[in-house]
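Letter by letter, the chains look like this.
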Amino acid sequence: MITEKHEAFDKCSLVGNYLGVYFGQDQGVRLGESTVVSRKAHAVVPGKKGHVRVLVNRDAGKTFQKFIDPDQLVHMDIFHKPGVVDPRQAAKLVFWAIENHLVEENHNLKFMEDERFKSVLDYALRIEISTRAGGGTVYDLFQGEVRPASEEEEKLSHVHVLARLTPDRYSILLPVAEAIEEAVMASGLELVKVKKLSHGREKDKQENFAGFLILPWKKSKGEFSPLLIRENQNQLLLKLAERFANLEEVEDFLESYTSNIFRRKSKDEQKRKWGDLDHCLDQLLELGLLKNTMLGPVITREGRELQQFLRSHKCELEAELRRSIRKTPGTSKRFQKMGKCEYRPSQVEFTNRNKTVRLTDKSWSGDLAVPETVVEAKKRSLLRGESHLTVHKEDLHIYDRRSYVPIDVCLVIDASASMAGEKRQAACYLAEHILLTGREKVAVVTFQEMNATVAVPFTRNHKVLSRGLARIRPGGLTPMADGIFTAVELIKSSKASNPLMILISDGMPNFPLWSFDAKGDVLEAAEKAAEAKIKFVCVGLEANKVFLREVAKRARGTLYVVDDLNRDCLINIVKQEKKAVATV
C-alpha cells in the first residue's frame, strides 16, 4: 500500500514537470481522456464532437479574471455528458485529494494538524471550480458557500477549473483532475472523451480580456460601416478611455498616429506609457480608424473625425467617464492580508441642515432651527390657549449633528520600468476612483530612476489629478525609500486628515536613499511613517512577500499580497481599508 502511494506521488511529480515544459511552449495537454489543461482559454470546435482547441492568443488569467500579467492561471476543463455536477461535492473531493498529496510529499504533516491544514488551505484558496450549479474557491465550496452561476456558466458542458499556481506546484493538478472526474461520476454522469486537441488563434470574437476593447457594436456584412462608427463615437471613446485611464490619454494616443513624423511617438515610448497595444491597434485598423503606411499605422479621415468628436464633446464624455469610474467592482478575494494596524482615527462633526431634533438636556447646544422652532411654538401656543405667540424651552428645535471619519489618501506608486502599461493605468484609475467616490483629498507620489516626485499634491479637483497622472512615464530603477519618505514629508506639510498611505509596487527596491543599502533605507523610511502616525498599507506581489511584510511591520501597517495589480483588486483593497479606518 505504501509502495502504491509513493508511485502515485512520483507520477504526480512527473506529470507536473511534463506540464511545465508544455505550458512554457504555450501548449495545452490532455490529462487522461476527458481533461484538457493549459494556461490559455479553451473552445469546443462547433460540429466536431470531442474536438477541443487551445486558444494560444487568449491567456486564461487575462480572459477570465482580468489579470494584467500573463501566465498567472492554469485552466482545466473536465468534459462530461449533459447534466449538473454539484460544485460542493467536487470541492470536498478536491480538498481531500490535496491533503493526501501533501502528506505524501511531506510525511511529517501527518502528525502536524495545524501545519497540514494551513498547507491545504493555501491551495484551497487558489483553486476555483465552476459548474452549471455555480462555483467558488475550493475553500468556500467546502464550507457550503456557492456563488450563483452566471449566464455563461449555466451553459457549461464541463467542470471549469482555474488555479493560481507557480510551476513548482503543477504536481497538484493530476490529483485535482482525478478528484473532479470522481465527482462527475458520483453525480451519475459519464465523462466525455476528448478525441482531438488542437491549437489555434481566436480572431473574430471580441471577449472581455486585457488588451481588447469591448466594442459596442458588431460588423455589418463582414465590415464596419463608417456611418455606424460615427453613430457610436461616444461609446467607442468611452471604451478607449477605460483602456487608457482617461480622455487625455486617448487624445494623446490618437495624436501619436498623425502623419507628422515630428509628433509621432516611437513604439518604445508607447509601450513605456501604455503597455502592449497590439490587440487594440488591430481593432482600430479593422475599424478603419487607422491604416498601415510606410510610416506605420496612420490615422484616417474617420479617425480624425473621432478626434474632432472628442474635442467638441469632451465635457459630456468626461461626465460619462466619471460615472463609470465611480462604479465599485464586485468583491474580490484574490489577495491575502497580513498584519494589523492599531490606528485611532479622529472624527469630524458637521451640522445636518436636512434634519432637526427637539432640544433636550442631552443636546443642550447646537444651531437653532428657527423655522421649525417658530412652527412648534405656534402650535403649542394654540394648545396652551395663549392669546399670542410665546416660545418655551420645549418648543426649541436645533439642527442635528452628524460625524464622519475623513480619510485623505496618499498613493505612493512605483513608476519603474516594470510598471509600464496596464499596471500604471490600474494605479491611475484607482486614484481617480478614490477621488470621485469620496469627499476627501487625494495625493500621488511616484518613485523611479533615482528619486521620487509629487505627481499630484493633495487635491479634491479631478482635473488637477488627471493632469498629474497623465505626466507619469514609467522607467528606470526603483527608489522605494525615497518614495515613502517623500510621501511622509508631503503628508506632514499638508496636515492631512487621518492620512492613509498606500504603497503600490510590483518589485523590490534597487536604489538607496541615505546609505548604500536600498532595502535597509526602505525599512528606515517605513519607521518614519510609523513615527508620523500615518496609517500604512502596502500592496505587492507574492514574490516579494517576505521583504514587504517586514516593511509593513516597521511601518506598523498592513500588507496585501496580490497575484496581479489590476484595478478591481486595488479598488477592493482600498475600499476595505477605508471601511476599517471608519469603523475603528
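Keep in mind that this is a model prediction, so the values were computed, not measured.

Draft legend 1. Quick look at the overall build of the chain. Along the backbone of the chain there are 20 helices and 20 strands. When burial is assessed residue by residue, the chain has 51% of its 584 residues classed as buried. Looking at the chain alone, contacts between residues at least 24 apart form 71% of all its contacts between residues at least 6 apart. Total accessible area computed for the chain in this model is approximately 29,100 Å², and 50% of it derives from carbon and sulfur atoms.

Draft legend 2. Molecular detail of helix α10 (residues 267-274). Burial in α10 covers these residues: Q270, K273 and W274. Around the axis of α10, the buried residues are gathered within 75° of arc, so they sit on the same side. Facing away from the buried side of α10, by more than 90 degrees, are the exposed residues D268 and K271. Of the surrounding secondary structure, the elements contacted by the buried residues of α10 are α8 (233-244), α9 (247-255), α15 (422-436) and α16 (462-470). A positive phi of about 80° marks G275, the residue just after α10.

Draft legend 3. How the structure looks around the pattern of salt bridges. Inspection of the entire model under this criterion finds 23 salt bridges. The partner of R39 in a salt bridge is D71, with the nearest N and O atoms 3.6 Å apart. Of this pair, R39 sits in the loop between β2 (35-38) and β3 (40-44) while D71 sits in the loop between α2 (60-65) and β5 (74-79), and the two are 32 residues apart along the sequence. R39 gets classed as buried once you look at its relative accessible area, which sits at 12%. In this structure, the salt-bridge partner of E305 is R301, at a minimum N-O distance of 3.1 Å. Pair noted here: E305 and R301 are both in helix α12 (residues 301-312), with a separation of four residues, about one helical turn. Residue classification places E305 among the partly exposed positions, given a relative accessible area of 26%.

Draft legend 4. Examining the packing of aromatic side chains more closely. By the definition in use, this model includes six aromatic pairs. Taking the centre distance of 4.8 Å and the plane angle of 50° together, the rings of Y18 and Y22 count as tilted. Of the two residues, Y18 and Y22 both sit in helix α1 (residues 2-24), four residues apart, roughly one turn of that helix. For Y18, a relative accessible area of 39% puts it in the partly exposed group. Judged by relative accessible area, which is 28%, Y22 ranks as partly exposed.

Draft legend 5. The nonpolar core, seen in detail. One finds F253, L411, V444, I502, I504 and V539 to be the most contacted residues of the largest nonpolar core, which totals 66 residues. Ignoring anything within four residues of it in the chain, the contact list for L411 reads A427, L430, A431, I434, A443, V444, V445, I502 and I504. Within the second largest apolar cluster, 42 residues are counted, among which are C12, L19, F23 and A163.

Draft legend 6. Inspection of a positive patch on the surface at higher detail. A cluster of basic side chains, namely R30, K49, K193 and K195, defines a positive patch on the protein surface. Considering the arrangement of structural elements, one finds R30 in strand β1 (residues 29-31). Overall, the relative accessible area of 37% leaves R30 in the partly exposed class.

Draft legend 7. Representation of the environment of G475 within the structure. Take G475: it is sitting in the loop between α16 and α17 (480-494). The spacing of G475 and K273 is 202 residues in sequence and 9.1 Å in space, taken between C-alpha atoms. Excluding its chain neighbours within four sequence positions, the residues that come into contact with G475 are R272, A415, S416, A417, Q448 and E449.

Draft legend 8. View of the pairing of strand β10 (residues 290-293). Summarising the sheet, β10 and strand β11 (residues 296-299) pair through four bridges and their orientation is antiparallel. The residue of β11 that forms the bridge with L290 is I299. Between β10 and β11, which pair antiparallel one after the other, the connecting turn spans two residues.

Draft legend 9. Inspection of unusual backbone geometry at higher detail. Of note, the phi angle at K533 is positive, near 55°, even though the residue is not glycine. Looking at the secondary structure, you find K533 in the loop between α18 (518-531) and β19 (535-541). For R556, which is not a glycine, the phi torsion comes out positive at approximately 55°. With respect to the secondary-structure elements, R556 resides in the loop between α19 (545-554) and β20 (558-562).

Draft legend 10. Structural context of the sheet that holds β3. Judged by pairing direction, the sheet is mixed, and its three strands sit side by side in the order β3-β4-β9 without closing on themselves. Sheet topology places β3 and β9 (196-200) at the edges, where each strand pairs with a single neighbour. In this sheet, neighbouring strand axes are inclined to one another by 30° on average, regardless of whether the strands run parallel or antiparallel. Both β3 and strand β4 (residues 51-59) contribute to a ladder of five bridges, which runs antiparallel. Opposite V44, over in β4, you have V52 as the bridge partner.

Draft legend 11. A look at the sheet that holds strand β18 (residues 500-504). Strands sit in the order β12-β20-β19-β18-β15-β16-β17 across an open sheet of seven strands; the sheet is mixed. At either end of the open sheet lies a strand with only one pairing partner, and these are β12 (335-338) and β17 (451-459). Ignoring strand direction, the axes of neighbouring strands in this sheet form an average angle of 15°. With five bridges connecting them, β18 and β19 associate as parallel partners. Directly across from L500, in β19, lies its bridge partner K535.

Draft legend 12. Quick look at the side chain of S34. By the element assignment, S34 lies in the loop between β1 and β2. Polar side-chain contacts of S34 include one of 3.0 Å to the backbone oxygen of V192. Ignoring anything within four residues of it in the chain, the contact list for S34 reads D77, I78, F79, E181, L191, V192, K193 and V194.

What counts and how
Counting restarts for each chain: residues are numbered from 1 in the order of the written sequence. For a predicted model such as this one, the threshold for reporting local features is a pLDDT of at least 70, and the threshold for listing and counting side-chain atom pairs is 80 or more; totals across whole chains, interfaces and linings nevertheless cover every residue. Derived side-chain values reflect all non-hydrogen atoms in the structure, with water molecules and hydrogen atoms excluded from consideration. Counting from the N terminus, the helices are DSSP H or I runs at least four residues long and the strands are E runs at least two residues long. Summary of the burial criterion: residues with accessible area below 20% of their type's maximum are buried, those above 50% are exposed, and those between are partly exposed, where the area comes from a 1.4 Å probe applied to protein chains only. In what follows, a contact means two residues having at least one pair of non-hydrogen atoms within 4.5 Å. Values of accessible area rely on a 1.4 Å probe in the Shrake-Rupley scheme; residue burial ignores everything except the protein chains shown. Summarising the geometry, the arc corresponds to the directions from the helix axis toward the C-beta atoms. A side-chain nitrogen of Lys or Arg and a carboxyl oxygen of Asp or Glu constitute a salt bridge if their distance falls within 4 Å. Planes of paired rings set the category: under 30 degrees apart is stacked, over 60 is edge-to-face and the rest tilted, where pairs are Phe, Tyr or Trp rings (Trp by its six-membered ring) whose centres lie within 6.5 Å. The term nonpolar core refers to a set of buried residues drawn from Ala, Val, Leu, Ile, Met, Phe, Trp, Tyr and Cys, joined through side-chain atoms within 4.5 Å. Each patch groups residues whose relative accessible area exceeds 30% and which form no salt bridge, using 9 Å between like charges and 5 Å between nonpolar side chains of Val, Leu, Ile, Met, Phe, Trp and Tyr. The positive count covers Lys and Arg only, the negative count covers Asp and Glu only, and His and the chain ends enter neither. Charge positions come from single atoms, namely NZ of Lys, CZ of Arg, CG of Asp or CD of Glu. DSSP-based pairing: two strands are paired if at least 2 bridges between them are found. Axes here refer to lines fitted to C-alpha atoms; in helices the fit is confined to the stretch in contact. Angles between the N-to-C directions go from 0 to 180 degrees. The definition of a polar contact used here is a pair of N or O atoms within 3.5 Å, where within protein one atom must be able to donate a hydrogen and the other to accept one, and adjacent residues in sequence count solely through side-chain atom pairs.

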